[in-house]
Every structure is written in structure tokens, then in C-alpha cells.
Amino acid sequence: MTSPASSSEVKYLIESSEGNTFDVSGAALRQSNTFNAMFLNIGADGPIPFTDYNEATLKKVFEYCEHSVNEENYSGPKHQDDLSKWDLNFFNEMDQKMFIDVINASNFLDIERLTSYCCERIARMLRGKNTQEMIKVITLPTAEELEAKQKVEEKKAAAAKKVAEKAAETAEKTETLEELPVQQLVQTTRNKLTRKYLSFSNE
Amino acid sequence: MLLKLPYLAQFTILKHLELHDHFFLGLCSKRARNLIKCFSRNKNDSSVINLYSFSIQLQKTGFLGKDVVMWASCYYRPENETLYRSNTNWNRSIIFWYKDKKIKCKISFHSTKGIPILWCKDKYKRMLPMAIYHSICEIFSISPIIQIKFDMSRLSEFPDTNEIDNVITGCRDKDQIEEFLKNVIIRNATQLWLGSCQLSVDSVILSLEHALFWSPK
């Protein structure tokens, strides 16, 4: 459970966006400046909600924090070639989406070291590339893709317009249909009544 | 990916990139260009077309310009040959527009400087530097003051413009520079290396404003 004690043995419960909770050591959490500012001194009753981030992302972030607990204090970006084997494996395992999620989470948690290394990795992906290659890396749509997307949207809009027109037409028809049976009903009942009346008068 | 990241992370990434990476990134999309504009604000004051090194440079007042990108054409120069042969990947290309002309360029990277070299057809060799120059001014949010460093011996490759703000040039032939001054208007300052030329009193060169002449004599 959570406690305000500053001992590294203390475990804190973290709640992800899925509502799942998991343990993280106090020492690992202390690498987050956001956590330090919010919970370390006052403690937390129950799980700490980081509900903007999913469990996989938070676990990845705190996995890094747990690993770098014993490392010296962060003093500016390290060259990528100076990274340990564990660090390299850690970053190589992540795909682009995970990079975005981890950067977002570490930026919120203010874990300077992790944010900086992730940014350096992304910069490496972009370095020495031309425009087309960069577009692929930053997953921007190309001009052709934009054109195709626009065409699809135009088609969708045209289809929606057709559907709306059809719906309007059917609505008009149903209005007339609804009117017709009532008129017919009135007419038929009138006819029946007059017939009955006539037959009665004949009798 | 980059554009989805928080502001601080975007800036950290951009800090790790070179000027030419910023340039290519700024050409990717409007949002990317705005990001580069925002990041490079007040970092550079002006840009220079340097015909000595065939590069476009970005400059902060009081400092030497930093090379952003080089250009080259199929026009033969000995240095072009070495640059051409040092590249093996010719699949990368980029398109620029200048005066309604589409300039398709192939991209290689300089083996020592590490900056990109944009290769164009010979007929666009004067247009390409201006096209790149305008793109750089737009991306890096720099006022489009045209500054050119060149030597009169390379007048055939002089950028496609009739007006220049500042110019640094060298010349051995007085007539050549007088002919040049008839075709081109210099709006601000001129720095001229005259070599052994002797100027007459009625020379057009002496009518230049804010001019600085260098001569061994």
C-alpha cells in the first residue's frame, strides 16, 4: 500500500487508464519530478491515478525507472553510443506508437532522463533523411494520400447527401401515405354508414 | 509522430537535429514548417547564397554563416565530379518551384560536410539557388534579404535575380563588373575585391553606395 515514508522499500500502487493497478517502488517513483511534487511528502491514500496512460506504457516507463534507480543523477543527455546494453535493448523493443506513449507519459511524469533518451532516439530516426523519408518516419500523409483521402471524403459526403435526399423523399411519401388511409377510412365508413342508413330506410 | 508529441519533447528532438534536417522537415507539411518556424525564431538573422562553396548559409549577425544545403548541376566542374562519384544512392529526390518552373532535384550527401547536395539539370542551375533560398527564408522565418558571395569568374552560375541587397564579390576584369552592374541592382552594400584593376573616375563602380573596395595597390 501507499505511505508517505521515503524509504525505498515502500511500494506505491499505480492505476492505469484501464483501471488496473500495479506496484512500483518508491525509489523508482522518486525519479519522477511530478510524483515528487505531488505525493512524496504528503503520501497517497489508495492507488495513484495516472489514468491518461495505459498499463503497458506505464509499466514500460516504470521498468526504466526501476532499472535506473542506482544510476548517478541525470546530468544532461548522454550520447547514444554511451548507452548500456540494457538501455539499447529497452529502446529497440519499442515501436513508434510506444515511443509516443512513453514520451507523453515521461513528459507528464517529468522523468528527464527517459524523455531525453527517447527524444534522442527519434532524432536519430530523422537525421540524414530527405523529405519523403521524413514523411514516412513522422507518418504524415503524402500529397497522393491526402488527395485519395479527400476523394474518399467527397464520395462519403455525396453518399450521405444521397441518403439524406432519399430519406426526405420517403418521409414525404409516408406523410402522404399516412394521410391517404385516414381519408380512405373516412370515405369507406361514410359509404358504409350511408349504405346502412339507406338499407335501414328501405326496410 | 513528431507532431503528436508534447511541445518540450518536440523541441528536444529538434535540438538534436542539424540545420539541413530542419530544412527538409520544414518541407514536409505546413504544421511541420510552423514547428520549425517556432523553433528557429531569433536563431538566425539572414541567409547567404555562397557561390564559392555553392551552398546556402544561415547567418547570425557577427558570426560566420553555417551551411544548410549545397546545390550542383550537371554543368561540369572538377569538384562536381568528386561529389557525384562519392554518392551511391540516387533514389532520393525533391521538387522545388520557382517562377512557375518545376525543378526536380536528386539528393546526395557531402562526404565530409554531411550536408545535402541538390542536383538539378543544367538549365536550372541559376534558378535552383533562388528556389532553395526562398524556401529557407520561409521555413526559418528569415526576412528575404538577398545576400550573395561570388566571384566574377562564376558569373554564368549567378542566381536568377536582378536585385541584390548585399554582395561580396571578387573580380580581375573591370569591364566584367561594370557589365554586371548594368544588369543587376544592388540595393544596399557592396564589398568588392578589385585585384589589379584600375578604376577610371567615371566608372559605374564608383557610383555604388555603401561600397567597400579591396585592392593590393
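Owing to the predicted nature of the structure, the values given are computational and were not obtained by experimental measurement.

Visitor: Tell me about the sheet that holds strand E3 (residues 48-49) of chain A, residues and numbers included.
Guide: Paired through backbone hydrogen bonds, the strands of a sheet run either parallel or antiparallel to each other. Residue and element names in this part refer to chain A. One open sheet accounts for three strands, arranged E2-E1-E3; its pairing is mixed. Two strands lie at the open edges of the sheet, namely strand E2 (21-25) and E3, each paired on one side alone. Both strand E1 (residues 11-15) and E2 contribute to a ladder of five bridges, which runs antiparallel. Within the sheet, the bridge partner assigned to Ile14 lies in E2 and is Phe22. Of the strands in this sheet, E1 and E2 touch helix H3 (residues 55-67), which is tilted by about 15 degrees from E2.

Visitor: Could you give an account of a positive patch on the surface, with specific residues and numbers?
Guide: Residues and elements named next belong to chain B. Together, Lys101, Lys102, Lys104, Lys106, Lys121 and Lys123 line one region of the surface with positive charge. Tracing the backbone through its elements, the reader meets Lys101 in strand E5 (residues 101-109). With a relative accessible area of 39%, Lys101 lands in the partly exposed category.

Visitor: Give me the lowdown on the packing of aromatic side chains, citing residues and values where you can.
Guide: Per the stated rule, a full pass over the model turns up 20 aromatic pairs over all chains. With a centroid separation of 5.3 Å and 80 degrees between ring planes, the pair formed by Phe90(A) and Phe91(A) is classed as edge-to-face. Summarising the burial analysis for this pair, Phe90(A) and Phe91(A) share the class buried. Chaining the aromatic ring pairs together yields one cluster made of Tyr64(A), Trp86(A), Phe90(A), Phe91(A) and Tyr117(A). Above the face of the Phe90(A) ring, Lys60(A) is positioned so that its terminal group lies 4.6 Å from the ring centre. For Lys43(B), the ring lying beneath its charged end belongs to Phe39(B), and the centroid distance is 3.8 Å.

Visitor: Tell me what's going on with the domain arrangement of chain B, and back it up with residues and numbers.
Guide: Domain boundaries assigned for chain B yield domain 1 (2-144) and domain 2 (162-217). If you average the C-alpha positions of domain 1 of chain B and of domain 2 of chain B, the two centres end up 29 Å apart.

Visitor: Outline the interface of chain A and chain B, listing residues and values.
Guide: Taken together, the 26 residues of chain A in the interface contact 23 residues of chain B. Carbon and sulfur atoms make up 71% of the surface buried where chain A meets chain B, a total of about 2,200 Å² over both sides. At the surface where chain A touches chain B, the tally comes to one salt bridge. The residue Arg92(B) makes a salt bridge to Glu133(A) at a minimum N-O spacing of 3.4 Å. Linking chain A to chain B there are five residue pairs in polar contact (both at pLDDT 80 or more). Every element with two or more residues in the side of chain A that touches chain B is listed here: helix H5 (96-109), helix H6 (112-126) and helix H7 (131-137) of chain A. With seven residues, the top contributor of residues to the side of chain A that touches chain B is H6(A).

Cut-offs applied
Residues numbered from 1 in each chain as written. Chains lettered and ligands numbered in written order. Predicted model: local features only at pLDDT ≥ 70, side-chain atom pairs only at ≥ 80, totals over all residues. Heavy atoms only, no water. Pairing = 2+ DSSP bridges. Helix = DSSP H or I, 4+ residues; strand = E, 2+ residues; numbered from the N terminus. Contact = heavy atoms within 4.5 Å. Axes fitted to C-alpha atoms, helices over the stretch in contact; angles between N-to-C directions. Patch = residues over 30% accessible without salt bridge, like charges linked within 9 Å, V, L, I, M, F, W, Y side chains within 5 Å. Areas by Shrake-Rupley, 256 points an atom, 1.4 Å probe, with all protein chains shown as cover. Salt bridge = Lys/Arg side-chain N within 4 Å of Asp/Glu carboxyl O. Lys, Arg positive; Asp, Glu negative; His and termini not counted. Charge placed at Lys NZ, Arg CZ, Asp CG, Glu CD. Buried < 20%, exposed > 50% of the residue type's maximum accessible area, 1.4 Å probe, protein only. Phe/Tyr/Trp six-rings, centres within 6.5 Å; stacked < 30°, edge-to-face > 60°. Lys NZ or Arg CZ within 6 Å of the ring centre and 35° of its normal. Domains from an automatic or database assignment. Buried area = accessible area lost by both parts, 1.4 Å probe. Polar contact = N/O pair within 3.5 Å; in protein donor to acceptor, adjacent residues only side chain to side chain.

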